[in-house]
Structures are given as C-alpha cells and as structure tokens.
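One-letter residues, chain by chain:
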Amino acid sequence: MSIEPGVRPDDAAPDAEPSTSPDTTPPQAPDRIPPRPSTGAALRALVLRLHFYAGILIAPFIAVAAATGLLYAFSPTLEQVAYRDVLTVEAGGDPLPLQEQIDAAAEAYPEGTLDAVRPGAEPDRSTGVLFTKPDDEDKRMSVFVDPYTAEVLGRYDSYGSSASLPLRTWLAELHKDLHLGEPGRMYSELAASWMWVIAAGGIVLWFTRGRRNRRVRRLLLPEGAGARGRRRSLSWHGAVGTWALIGLLALSATGLSWSNLAGGNIGSMREAFGWQTPSLEAASGGHEGHGGSGDGHGGDGGHEHAPLSGAGPETALASARAAGLDGPVEIAVPGAERAVYTVAETSREWPADQDQVAVDPADGRVLEELRFEDYPLMAKVTKWGIAAHMGLLFGLANQVALAALALAALTLIVLGYRMWWQRRPTRAASRASFGRPVPRGALARLDWTARILVALVAVAVGVFLPLFGISLLAFLAVDTALGLKQRARAKREEQREGDGLPLGA
C-alpha cells in the first residue's frame with residue numbers, strides 16, 4: 001500500500017529534492033503549443049492524483065484497520081494462554097465415554113440445546129461441548145469438561161466455525177466494527193475497498209519512475225545514507241510497499257468477503273462461477289462448525305432428536321477416524337435441521353486438513369465423504385485466504401506475518417504523510433503550509449477512448465464495491481467544487497489586476 005504524495009507528475013527525476021532556488025527556466029514562446037502527453041504518461045498522472053487523494057483521505061481508516069489487526073493477529077495464541085485452565089488437563093488413564101462427558105456438560109448448562117462436541121485432540125486437552133443459546137443464535141456456549149473425570153472446568157460464549165472464545169471474539173469484533181455494530185462495519189469495508197486500489201496504484205507509480213530508478217536494488221531496497229529528506233522517505237516508502245504488496249492485496253480481498261455491501265456481490269459472483277464451498281448433501285441444512293438448533297440432546301438422552309439406536313457421538317467419532325479424519329474434529333449431532341452426525345476436521349494450520357464425513361445415527365455407517373482435495377480451486381483459495389486472515393494458517397508463522405503486514409501498513413501511512421509534509425514550500429514565509437496537492441487535469445490529458453475506458457472501469461468497480469463507488473463520487477464532487485472555487489478566485493484576481501488594483505485587495 002503505497003501513498004506517494006511526494007512524487008511530482010511532471011518531474012523527470014521524481015525522487016529529486018525540492019528546489020528552493022528561483023525558477024530560471026526560460027519561458028516558452030507564446031506561439032509554441034506544448035506536445036500532448038502520451039497515454040501512458042497521462043494515465044500515470046491520473047493514478048498519481050487518485051493515489052494522492054485516496055492516501056490522504058482513506059489512510060486514517062486503513063491505519064485503524066491495521067492497528068486493530070495488529071492486536072488481532074496473535075489472538076489465536078493469546079486465546080490458548082488466557083484460557084489454559086479450561087483448555088488443558090492433566091493427562092492420565094483412559095478418557096471416559098463421550099456421552100458421560102456430554103451429560104456432565106448438559107447438567108452445567110441445562111438451558112441450552114446440544115449442538116456439537118469437540119473431543120480433545122491431544123491427551124492433555126479438554127473436551128468442548130457446544131450448546132446453542134436460547135437468547136443468542138449467533139453465539140454458542142462452550143462447556144469444557146475434563147475427559148478423565150467428567151469434571152466441568154468452565155463455560156464461555158464461543159463464536160463462529162472456529163468456536164473462538166471471548167478474548168479472541170472481542171479482538172475480532174474490534175477489528176471488524178470497533179464494537180459499534182453494523183454502522184461500525186462501514187469503516188472496515190471502506191478501508192478494504194480502497195486498500196487494494198492504493199496498493200496497486202502505488203506499485204504502478206513505483207515501477208514507472210525514471211529509467212535510472214528501475215534497477216532491482218532501487219525497487220526492493222531503500223537507498224542508503226546518501227539519500228536525504230523526501231527522497232529518503234520515498235525510497236523507504238516504495239521498498240516497504242513493494243515487499244508488502246501481495247499480503248495487502250490478500251488482506252483487502254479476504255476482508256471484502258466478510259463485508260456488508262461488497263460481501264453480497266462477492267457471494268453472488270462465487271455462486272455464478274461455481275466457486276462456492278461444497279457441503280455434505282446427507283446433512284440436510286447442516287454446515288461446518290455451527291449447525292442448526294435441535295430440540296433436545298443427542299446421544300442416549302431419550303429426547304426427541306436422539307439417535308435411533310446406540311450409535312452415539314462415540315460411534316460417529318470412531319467411524320470418522322476409520323474414514324481418515326485425524327487431529328481435532330467437531331462432531332455435530334443430529335437435530336431439527338441436521339439429519340445425521342457430521343464430523344469435520346477443525347484445524348486450519350495445514351491447508352488440506354479440512355475433510356468432513358456424514359455418519360448415519362442409526363448404525364454409525366459413513367454415508368458421505370467430502371474431501372478438501374475435491375473442492376473447486378477457488379473454494380480452496382477462499383478457505384486458505386480466510387484462514388490466513390484469521391491467523392490460523394501455519395499457526396504462529398501466520399500470526400507473525402500478519403503482524404508484519406500491519407506494521408508495514410502503518411509505516412507506509414506515516415511515510416506517506418511525512419512526504420506530504422516534506423513537499424511543503426520551503427520559503428520562510430510559507431513553512432507552516434502543507435505540501436502541494438497533485439495538479440488537476442490528468443483526466444483531460446487522456447484521449448476520449450481512454451477516458452471512456454477509465455470511466456467504465458470506475459463505474460464497474462464502484463457498482464461491485466459500493467463504498468468505493470460512493471466515496472469516489474464524494475471525492476469527485478469535493479474536488480470539482482474546489483476546482484470551481486479556485487477558478488473563480490483566479491478570475492477575480494485577474495480582473496483586479498486588469499483594473500490596476502493590488503492582488504488580494
């Protein structure tokens with residue numbers, strides 16, 4: 001994400017220091033018409049202007065998203081530390097049957113309806129029994145049980161397919177909406193809608209500078225001690241942006257998939273192209289991680305939706321293990337919207353560990369298998385991208401990479417504003433002013449064909465990403481108003497000068 005307000009669109013050497021000496025360039029002859037710039041140069045000027053204003057106005061939203069994302073990056077690890085007392089046990093002997101553990105959890109939370117069980121994947125891990133909450137359909141209650149003694153260790157609200165506990169959920173909601181609810185989600189969607197535009201525009205500007213600046217070292221590494229002022233800031237800005245580009249684009253894309261307005265369009269596109277994540281057909285209405293609510297407990301509890309025979313959660317787990325599912329799993333029990341047991345791998349640390357099976361509650365037979373290797377490619381990419389955005393893919397390494405990207409984004413924003421400040425007039429009378437904005441007229445320098453193409457692309461992107469389109473229209477309206485005001489002021493000054501009055505009188 002490169003914010004490059006310091007580059008002058010008409011400089012032959014964009015990274016040169018601003019000059020404080022008087023302009024001694026001889027004036028052009030009045031009858032000489034300046035040549036029309038090439039389409040490439042005009043497009044670069046347009047990208048520069050968009051990059052500058054988007055960087056100045058949208059960067060605060062991206063900074064907030066980066067700062068909250070930095071806090072969220074290590075939340076999976078922090079969760080394991082903060083809830084260690086309920087997530088871990090002292091291993092010893094053989095674990096009790098799952099049904100006994102479920103019964104103990106049901107006694108601790110009788111108002112809930114059994115939804116799923118997460119047996120400990122390691123000998124020192126507790127069993128998590130998940131219940132739907134009668135007063136909050138978005139969250140479940142996780143009751144943690146010692147698998148060796150059936151002692152209830154504690155209970156916490158959990159959220160989503162990963163069953164995140166309150167600390168991780170709080171950090172996730174801070175990143176998503178600043179705990180402001182649906183209105184707060186607009187900030188994160190606005191940041192995600194523009195981050196890819198700023199990042200891609202910045203890399204275009206960085207790679208299309210003067211020919212002498214296109215050497216690999218100048219593109220990937222900041223300049224040494226010889227660079228000073230704005231040139232040094234630009235050097236660091238461009239190099240950091242180049243290294244962070246792919247990660248920032250990925251964060252923007254995955255963030256948009258969760259957004260309110262753009263998220264619906266992305267879902268429709270995935271459906272149209274067949275990129276949706278497949279599901280088990282045998283589980284009518286069920287889905288990974290959080291199935292529909294039932295009217296009673298599974299197992300042998302004798303409730304309305306109990307299995308038809310002795311095939312309880314233990315049998316379902318054994319059948320899933322025999323089918324090749326290993327590591328952490330969630331066993332979703334039959335209920336009002338789920339006709340069978342579904343057993344799904346829950347680990348996201350390794351991309352391929354996401355298989356599922358449906359198990360017949362009557363006799364424990366595996367009715368259907370859904371292997372991750374059979375997912376459509378884009379469904380796999382979506383799963384990987386979301387897991388990476390959440391800090392789950394490859395564990396701690398993923399979390400360190402997320403933190404590095406958040407710090408890179410914050411660094412780029414600080415450097416962008418610093419270059420804007422460094423570009424201010426250097427004469428003593430003007431030291432308090434901000435840097436000069438990028439000149440207008442970039443769109444007018446394009447030929448009509450290019451203008452139409454630019455307009456069509458802007459409209460298409462604006463329709464697909466509504467907050468991008470709305471904010472772009474707002475930018476254009478404000479910029480047009482400022483341009484008209486500036487033109488009117490210049491006309492008044494010209495009139496006063498013609499009347500022999502001092503300028504500004």
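Fair warning: this is a prediction, and the values are worked out from it, not measured in the lab. For every chain, the first residue of its written sequence is number 1, and the numbers climb from 1 along that sequence. Where totals are concerned, whole chains, interfaces and linings use all residues; where local detail is concerned, this predicted model gives features only for residues with pLDDT of at least 70, and gives and counts side-chain atom pairs only at 80 or more. Side-chain calculation: all heavy atoms of the structure are included, whereas hydrogens and water are not.

Caption draft 1: Focus on the overall build of the protein chain. Under the DSSP-based scheme used, a helix requires at least four consecutive residues in state H or I and a strand at least two consecutive residues in state E, with every element numbered from the N terminus. Regarding its fold elements, the protein chain presents 14 helices and eight strands. Across the protein chain, contacts joining residues at least 24 apart in sequence account for 65% of those joining residues at least 6 apart. Accessible area of the protein chain: about 25,600 Å², with a carbon and sulfur share of 61%. By definition, residues are in contact when any of their heavy atoms lie within 4.5 Å. Calculation of accessible area relied on Shrake-Rupley with a 1.4 Å probe; when residues are assessed, cover is drawn exclusively from the protein chains displayed.

Caption draft 2: The arrangement of the sheet that holds strand 1 (residues 113–118) in detail. Strand pairing is assigned whenever DSSP detects at least two bridges linking the two strands. What the eight strands build is an open sheet, ordered 4-3-2-1-5-6-7-8; its pairing is antiparallel. Either end of the sheet is taken by a strand with one partner, and the two such strands are strand 4 (152–159) and strand 8 (366–370). Across this sheet, the average inter-strand angle for adjacent strands is 20°, counted without regard to direction. Relative to strand 5 (residues 329–332), strand 1 is paired through two bridges, and the arrangement is antiparallel. Its bridge partner being in strand 5, A116 is matched across the sheet by A332. To define axes, lines are fitted to C-alpha atoms, for helices over the stretch in contact only, and angles between the resulting N-to-C directions are given on a 0 to 180 degree scale. The strands that helix 10 (residues 313–322) touches are strand 5, strand 6 (341–345), strand 7 (356–359) and strand 8; relative to strand 5, the one it contacts most, it runs at about 135°.

Caption draft 3: Geometry of a nonpolar patch on the surface. A grouping of L377, M378 and V381 is seen on the molecular surface, where their side chains present a nonpolar patch of about 250 Å² in accessible area. Structurally, the position occupied by M378 is in helix 11 (residues 377–389). Residues enter a patch when their relative accessible area is above 30% and they make no salt bridge; the linking distance is 9 Å between like charges and 5 Å between nonpolar side chains (Val, Leu, Ile, Met, Phe, Trp, Tyr). Basic side-chain nitrogens of Lys or Arg form a salt bridge, by our definition, when they fall within 4 Å of a carboxyl oxygen of Asp or Glu.

Caption draft 4: Quick peek at the nonpolar core. Counting 35 residues, the largest nonpolar core has I58, I62, W194, L248 and F468 as the members making the most contacts within it. For this core, the secondary-structure elements that each account for two or more residues are helix 1 (39–73), helix 6 (185–207), helix 8 (229–257), helix 9 (261–273), helix 12 (396–422) and helix 14 (466–498). What makes a nonpolar core is a set of buried Ala, Val, Leu, Ile, Met, Phe, Trp, Tyr and Cys residues whose side-chain atoms join them at distances within 4.5 Å. Note on classification: 1.4 Å probe, protein chains only; a residue is buried when its accessible area is under 20% of the maximum for its type, exposed when over 50%, partly exposed between these limits. By size, the runner-up hydrophobic cluster in this structure holds 26 residues, among which are A104, A105, M141 and L317.

Caption draft 5: The pattern of salt bridges, seen in detail. The final tally for this structure, using the stated rule, is 14 salt bridges. The partner of R338 in a salt bridge is D115, and the shortest N-O contact between them spans 3.5 Å. Taken together, the positions of R338 in the loop between strand 5 and strand 6 and D115 in strand 1 put the pair 223 residues apart, joining distant regions of the chain. Across the salt bridge formed by K133 and D157, the nearest N and O atoms sit 2.8 Å from each other. Of this pair, K133 sits in strand 2 (residues 127–133) while D157 sits in strand 4, and the two are 24 residues apart along the sequence. What makes K133 buried here is its relative accessible area of 15%. The partly exposed category is assigned to D157, whose relative accessible area is 28%.

Caption draft 6: Examining the UniProt feature "transmembrane region" (unreviewed entry) in the protein chain more closely. UniProt's feature table lists "transmembrane region" (unreviewed entry) at residues 52–74, 190–208, 238–259, 400–421 and 452–478, given in the numbering used throughout. Taken as a whole, residues 238–259 contains 91% helix and 0% strand, while its terminal C-alpha atoms sit 29 Å from one another. UniProt positions are given in the numbering used here, feature names are shortened, and annotations may be inferred rather than shown by experiment.

Caption draft 7: Layout of the packing of helix 4 (residues 98–108) against helix 10. In contact at an axis separation of 8 Å, helix 4 and helix 10 are set at 130° when each is read in the N-to-C sense. With respect to helix 10, the element helix 4 is oriented oblique. Where helix 4 abuts helix 10, its residues L98, Q99 and I102 lie against P313, E314 and L317. Gly falls in the polar group here, along with every residue not listed as nonpolar (Ala, Val, Leu, Ile, Met, Phe, Trp, Tyr, Cys, Pro) or charged (Asp, Glu, Lys, Arg). Class assignment of the residues belonging to the contact of helix 4 with helix 10 gives a composition of four nonpolar, one polar and one charged. Oblique is the label for any angle not under 35 degrees, not over 145, and not in the 65 to 115 range, which are roughly parallel, roughly antiparallel and roughly perpendicular in turn.

Caption draft 8: Spatial organisation of the packing of helix 8 against helix 12. Remark: helix 8 packs on helix 12, axes separated minimally by 8 Å, with the N-to-C direction vectors making an angle of 145°. For the pair helix 8 and helix 12, the crossing hand works out as left-handed. In this structure, helix 8 uses G229, R230, S233, L234, W236, H237, V240, G241, A244, G247, L248 and L251 to contact helix 12, whose residues at the interface are L402, L405, A408, A409, L412, L415, G416, R418, M419 and Q422. Of the residues contributing to the contact of helix 8 with helix 12, the split by class is 13 nonpolar, seven polar and two charged. Note: crossing handedness is left-handed where the near helix turns anticlockwise from the far helix by less than a right angle, and right-handed where it turns clockwise.

Caption draft 9: Representation of helix 9 within the structure. Between the first and last C-alpha of helix 9 there are 19 Å, a value that for 13 residues agrees with the 18 Å anticipated at 1.5 Å per step. A262, G263 and I266 are the residues of helix 9 that are buried. Mapping the buried residues of helix 9 onto a view down its axis gives an arc of 100°, with all of them on the same face. Those residues of helix 9 that are exposed and angled more than 90 degrees off the buried face are E271 and A272. What a helix should span is 1.5 Å times the count of its residues minus one. Note that the arc is computed from the directions linking the helix axis to the C-beta atoms.

Caption draft 10: Region of interest: unusual backbone geometry. Of note in this structure, A150 is not a glycine but carries a positive phi near 65°. With respect to the secondary-structure elements, A150 resides in the loop between strand 3 (136–145) and strand 4. Classification of A150 by relative accessible area gives buried; the value is 18%. With a phi close to 65°, F394 is a non-glycine residue in the positive phi region.

Caption draft 11: Focus on the environment of L221. Residue position: L221 is located in the loop between helix 7 (216–220) and helix 8. By relative accessible area, L221 is classed as partly exposed at 40%. Here the alpha-carbon distance between L221 and V240, two residues 19 residues apart in the chain, equals 8.0 Å.

Caption draft 12: Summary view of the pairing of strand 6. Taking burial as the measure, the five residues of strand 6 include five buried ones, the bulk of the element. Residues of strand 6 alternate between two faces, with Y341, V343 and E345 on one and T342 and A344 on the opposite face, all of them buried. Judged from the four bridges that link them, strand 5 and strand 6 form a sheet pairing that is antiparallel. Of the residues in strand 6, the one forming a bridge with E330 is A344.

Caption draft 13: How the structure looks around the pairing of strand 3. Within strand 3, seven of the ten residues are buried, which leaves the element mostly enclosed by the surrounding structure. What sits between strand 2 and strand 3 in their antiparallel hairpin is a turn of two residues. Taking the residues between adjacent antiparallel strands as the criterion, strand 3 and strand 4 are bridged by six residues, where A150 takes a positive phi near 65°.

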